[in-house]
Each structure stands twice: as structure tokens, then as C-alpha cells.
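Examination of the molecular architecture
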Amino acid sequence: MSGAFTLTRGTGVSRLVAIGAFAALAGLACAPLWAQASSLNLLTQIFAYVALATMWNLLAGFSGLVSVGQQAYVGIGGYALFALTIFWGLHPLAALVVAGVIGGLIAIPVAGLLFRLRGAYFAIGSWVVAEVFRLLASQISALGGGSGTSLPARIVTGMADGRQAREFMIYWTGLALVVVVIGLTIALLRSRWGLALRAIHHNELAARSNGVEVTRIKLLVYAVAGFGTAMAGALIFLQKLRISPDAAFSVNDWTAFVIFMAVIGGIGRIEGPIIGAVVFFFLRQTLSDLGSLYLMMLGLVAIVIMLRAPRGVAGWLADRFGFEPAPLERRLVHAKSNPESKPEPSHV
Amino acid sequence: MDWLNSILQGVLVGGLYAMFAAGLSLIFGVMRLVNIAHGDLVVLAAYLALVVTQALGMGPLASLLVIAPLMAAIGYGLQRWLLNRTLGDDLLPPLLVTFGLSVIIQNGLLEIFSPDSRKLQAGAIETATIPLTPDLSIGVLPLVQFLVAVVMIGALQALFYRTAWGRAFRATSDDQSTVQLVGVDNRHVFGLAMGLSLAVVSVAGVFLAVRANFDPSMGPARLIFGFEAVIIGGLGNLWGTLAGGVVLGVAQAIGAKIDPGWQLLAGHLAFLMVLAVRPEGFFPRVQA
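Sequence positions are assigned chain by chain, starting from 1 and proceeding in written order. Chains carry letters from A onward and ligands carry numbers from 1 onward, assigned in written order. Note on the predicted model: pLDDT of at least 70 is required for a residue's local features to be given, and 80 or more for side-chain atom pairs to be given and counted; whole-chain, interface and lining totals, by contrast, use all residues.

1. Some points on the overall build of chain A
Inclusion rule: Secondary structure counts use DSSP, requiring at least four H or I residues in a row for a helix and at least two E residues in a row for a strand, with both numbered from the N terminus. Just to be clear, the radius of gyration here is over C-alpha atoms, and the globule rule we use is 2.2 Å times residues to the power 0.38. Here a residue counts as buried when 20 or more other C-beta atoms sit within 10 Å of its C-beta, as exposed when there are 12 or fewer, and as partly exposed otherwise, the C-beta atoms being derived from the backbone. Distance between backbone-placed C-beta atoms decides contact: two residues are in contact if it is within 7 Å.
Counting secondary structure elements, chain A contains 16 helices and 4 strands. A compact globule built from 348 residues would reach a C-alpha radius of gyration of about 20 Å, and chain A, at 21 Å, matches this within 12%. The C-alpha extent of chain A, read off along each of the three principal axes, is 70 × 50 × 40 Å. Classification of the 348 residues of chain A by burial places 44% in the buried group. Of the contacts formed within chain A by residues at least 6 apart in sequence, a portion of 76% connects residues at least 24 apart.

Shown next as C-alpha cells:
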């Protein structure tokens, strides 16, 4: 009987998760009603890190572009925000979006250079690029050169009516950023480009010979990651109110921690960075007094996970329980049978 | 004359960069592994040299008799028990495991030795110079450093192309599965390659420690210098890494001469220019 099979992406779990996600989002959107300023501040930091880790995951987990130089775009975003608000008088929120666009645009010529390097050498090359931007930023004397600068009080106070309104505004911006970044990633991965990325990931040569424009798609992904990362960078330094080249282009803060989150949560899964960020912040709140011992522990945990459970917490949940909160693949489901009754999944 | 002097110093520093690069190039050649912790291992060797010279009262160069075998053993162990498990088609595990290693070494050194910068004293040789002309003289130490780099690369080249070990290295690099059919244990060969790489690293570490102040956070920049030298010189060519190191050293020297803030930037820009114009490097892999 024709039409007995339908193509579906959603599963029972994913629909439940989608409902849960909307509920959580509504709860988080109302957080200013119930949470203290310090909690809002912490949540905003988590949002920024979820955005960063999602963008890194889009590169490394879905596109095979392992970068250890995404701090370049965090710094560019932060510096763009400061320059746009101080020199051109843009409202910080408008500046944040423009900073993202600048990050995306800068990513294009950078990709032209970096894509000449393969695999692991691409990773170190991306680090060199971040260093170049750090050194260039320390040459901008109008923004304090090597020692950096603070966001002038008039810009900070002019952002919103009063301190509380400003805190709420930054918090909501963070929440919106997470929604935009994750939404963009899911949309990209579910589009035909996402399918092409999957093909490239499995076998680049075969994808190329089937007419997939590998370089163009990787360029698109790299530019999107530059856009999202720069917006996250702008948010981070809007919250910090102070910027310096070493802080803005820190490999530890904006790449090592981000990689840690992606590894723990699950590389190559949408929900991975969210889980990873929560674990990371839990560890940070409880153990960061240990200083360098804490960092050594993070390194050790990342190594053990990479060796023992390279798919992270999210991968383990998917393998063990078939928990797929954000499926990207379509499955063939027998129309007569109940979709929940575990059909043979046929990955498309 | 001032400029000539700067360029000459740049050439000699290039020897040190070539040492960073040779160890990196070697393991990439044999097992396609890029070790993100490479620079941190250089700094680790520098601290080991500090401990050994203080504890045993040896000179910095003599301390290599202890440090080089020690680092080689660390390298072999690291490869056999940790890094071999990460090798495969997937790029992520080796990259992220060595990244984790880098974080651990850096913070471990910080915990033990504090962030204060240290230096290894080598005595009179540090300030000795050879006058070339009335205006131009070269330091003995940088010259020794450069000559050691040349000898080391010559020795590695001979090892790769004239010995049974070298044959095993090259064969394993060509085809991991086939060498196993002829009785070569590729895991052991990988261990040896990493051991050799870290022996080279130990020499680089001692020269780094004698030349200037060092501290636990210096590793990543050393990795980057070594990497730039590898790419400028051309992947898979050991003599090329020497040329790459020299190009990088000279670019930095010229940059520093223009403006001290431009030293590192000029080196990176030279690298990016090579990448833009001649991405395969000046001397890509040669078959001997």
C-alpha cells in the first residue's frame, strides 16, 4: 500500500521537549520577577557561554572545522560594541547586532586564509588569527591600547531608565541571544545546507563528487559562527563594562572553557552545549576557589570524557535511552504503526 | 649596520624556532598528530632544567644529559598510554586531548613554580660576543643555539633517511596497516617518535630558559612560533623548518626594530602572507 510510510523528524520525546523548552523559556523570560540581581547576572553569563559553545559546536561538531581561535570573534564583538557606542553613539543593543554583523563579515576573508590549512593545522592557524587581532586591538590607542578601557558612564546610564531596567535589559538580551543562536543553528542544520554538512562530515570527497559545494558551505558556517560569537562577545563585555585585549582575546576564557562545555555536554548535538554549560557553571560555583587545581581538573575531566565517552552526556543519553530532544534527521515511519513504538530508524 | 644587526639576531633566534618546529613536524610526519601541548612541554623542559641545574649543580647544557632522556621517556609513555588511544579517522580526540594536556601542564607548573618568571644562568657564555666588524658582533650563545639547531636537524634528517628507525618511521607514516604485516609495531613506533620529539623539545626548553625569562604561561606562544615555522618552511621538510624559523625570526626582528609593539605582529603577518601567497610553504615535502 503506497503512502503507508511517512517521513517524520519529530519523535514523541522531541515534542515533549519542545513544549518543555517553551515553558522553560517563558519561566526564564519572567526571571526578573522572581530572581535576584546576582542570579540574573549569573544566568546572563550562562546564556553567553551557551551561545559561544553552540557556535563552537556548529563548527567543530557539525562541520569538521575545529577552531581554537574563536576568541578572535569574542574580542572583535566586544571591541566593536565599545567602538560603536563610544565613537558613533549607537545604542548598545543596536551596537550588539552590528557587532555580530561585523564579526560575520570579518570571518569571510579570514576563512579565505585559514581554509588553506587542513584539520589540526586549521585549529592552530585560527589561534594565530586570534593573536593577530589581540595584538591589533592593543594598538588602538583610542580604546586604551594594551591596558584597555571602560564603557563611559553616559553610555551605561543612557541605556535604560535606572540600574534595574538596565540589568533586566541585559538579561533579556542574553536570553534573546541564546534563542537566536540556537534557533539559527537548528534552522541551518535542518536546511539543505545542513544535509550537505552531514554529507561532508561523513565523507568529504564523496560529497564533493555529488556536487556539494564544500568550500562555500564551510564558509557559510564559519561566517555564521563569527556572527553569533561576536554577538556573544559584545554581550559579555556589555555586561563587564570594561574591555582589554588580554581579556577580550583570552584563549582560556573563550575557547578552553567553551571546548570543555561542548565535550562534556556532547559534541555534535544541539542540546550538548546547554548541558555542558550547566555542568561547567555548577563546577565553577563550587570549585573555582581551588584556582589552578580546578583548571587542571577540568583538563583531566575533558581528557577522560574524550577517551571514555567521546559523545558526552547528550550522546550517552541518546545511545542509552534514545533521548533525542532536538532531532535533525528525518526518519521513515510506518503510517499505521504508532510512531512511538520505536520504528526502525532510517537515517536520511 | 643597525638593521643588519637586527636581521642577524633574527636569523639566530630562528634556530630556536626551528627547534620548536622540528619536534612538531616530526610527530605530524609520523602519525599525523598535532600536539597542542607542544609549547607547554617546551616550558616544562625549561622548568625541569631549572630543577636539575639547582639540585645537581650542573650547567644548563650538561643538564640535558638528564632532561633529554627524561623527556623522551615522558613522551614515550604519553604516546603509549594516552595519545595512541586517540588516533583514528576523527580529528577531534587527539586535538582535544592534547588541548586538555596543555591546560594541565600550564596550571600544574603554575601550582608548583608560581607565576613568577625565572631564568637559567649559564655563566660567562651569556654575555660573550664575537666581534665581526667594529659595529657588528654576534653573541656566542645565540650562535651556539643556531648551530645546535642546524646539527639537530641534520641528525634528524640522517636518522629519518639512513637508519632502520627512520625506515620504520617513514613506513609507518606511509601506511600504518601494512607495516604491521611486516612485523613493525606501529604503537611502539609512535611512542618512539613522540619520545624523539620530546628529546628535541628538551633541547629547545634549555635554550629557551637560558636565553630569557620564562614563566608557566609561555607555552602557547611557543607552539604558535613552531607551527608558523613549519608552515612557512613547508610541511614535511625538516630543513624547511629551519628556513621557516629563520624567516619568522627575521620578520619579528624587523618588526621590533620598527616598533617594539610590532615584534609578534610582524611574525604573524609574515606567516599569514606566506599562507596567502604560497600556502604549501617555501620548501614543501621532498622525497629523499
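2. Considerations on the overall build of chain B
Along the backbone of chain B there are 11 helices and 2 strands. Overall, chain B shows an N-to-C arrangement of helices and strands of α-α-α-α-β-β-α-α-α-α-α-α-α. In terms of overall size, chain B behaves like a compact globule, its C-alpha atoms giving a radius of gyration of 19 Å where 288 residues would be expected to give roughly 19 Å. Dimensions of chain B, computed from the C-alpha atoms along their principal axes, are close to 65 × 45 × 35 Å.

3. So, the packing of helix α13 (residues 251–265) of chain A against helix α16 (residues 312–321) of chain A
The description of two packed helices rests on the angle between their axes and on the distance between the axes. Residues and elements named next belong to chain A. What counts, and what does not: Angles shown run from 0 to 180 degrees and are taken between the N-to-C directions of axes, each axis being a line fitted to C-alpha atoms and, for helices, limited to the stretch in contact. Roughly parallel means an angle under 35 degrees; roughly antiparallel, over 145; roughly perpendicular, 65 to 115; everything else is oblique. Think of it as three bins: nonpolar holds Ala, Val, Leu, Ile, Met, Phe, Trp, Tyr, Cys and Pro, charged holds Asp, Glu, Lys and Arg, and polar takes everything else, Gly as well.
For the pair α13 and α16, interaxial distance at closest approach is 3 Å and the crossing angle is 10 degrees. One element, α13, and the other, α16, form an angle in the roughly parallel class. Between α13 and α16, the contacting residues are Val263, Ile264 and Gly265 on the first element and Gly312, Val313 and Ala314 on the second. Of the residues belonging to the contact of α13 with α16, the class tally is 4 nonpolar, 2 polar and no charged.

4. A short note on the interface of chain B and chain A
Counting from both sides, the interface comprises 31 residues of chain B and, opposite them, 34 residues of chain A. Elements supplying a minimum of two residues to the side of chain B that touches chain A: α4 (92–113), α9 (219–233) and α11 (263–277) of chain B. By residue number, the principal contributor to the side of chain B that touches chain A is α4(B), which donates 14 residues. By residue class, the composition of the side of chain B that touches chain A is 23 nonpolar, 5 polar and 3 charged.

5. Some thoughts on α11(B)
Short version of the rule: In this scheme, a helix's expected span is set at 1.5 Å multiplied by one less than its residue total.
Compared with an ideal rise of 1.5 Å per residue, which puts 15 residues at 21 Å, α11(B) spans 21 Å between its outermost C-alpha atoms and is within 8% of the ideal. Residues B:Leu265, B:Ala266, B:Gly267, B:His268, B:Ala270, B:Phe271, B:Val274 and B:Leu275 constitute the buried set of α11(B). Along its buried surface, α11(B) packs onto α5 (92–114) and α6 (119–137) of chain A together with α9 and α10 (238–258) of chain B.

6. Regarding the nonpolar core
Operational definition: Nonpolar cores are identified as sets of buried Ala, Val, Leu, Ile, Met, Phe, Trp, Tyr and Cys residues joined via C-beta atoms within 7 Å.
Within the largest apolar cluster, 201 residues are counted, with the highest numbers of intra-cluster contacts made by A:Ala99, A:Ala234, B:Met19, B:Ala45 and B:Ala193. When residues in this core are grouped by element, the largest group, 17 residues, is from helix α8 (residues 186–211) of chain B.

7. Some remarks on the pairing of strand β4 (residues 331–334) of chain A
All names here are of chain A. This is how the line gets drawn: In this scheme, strands are said to pair when DSSP sees at least two bridges between them.
Covered by surrounding structure in β4 are Arg331 and Val333 only, the residues Leu332 and His334 on the alternate face being uncovered. Across 4 bridges, strand β1 (residues 5–8) lies against β4 in antiparallel orientation. What sits directly across from Thr8, in β4, is Arg331.

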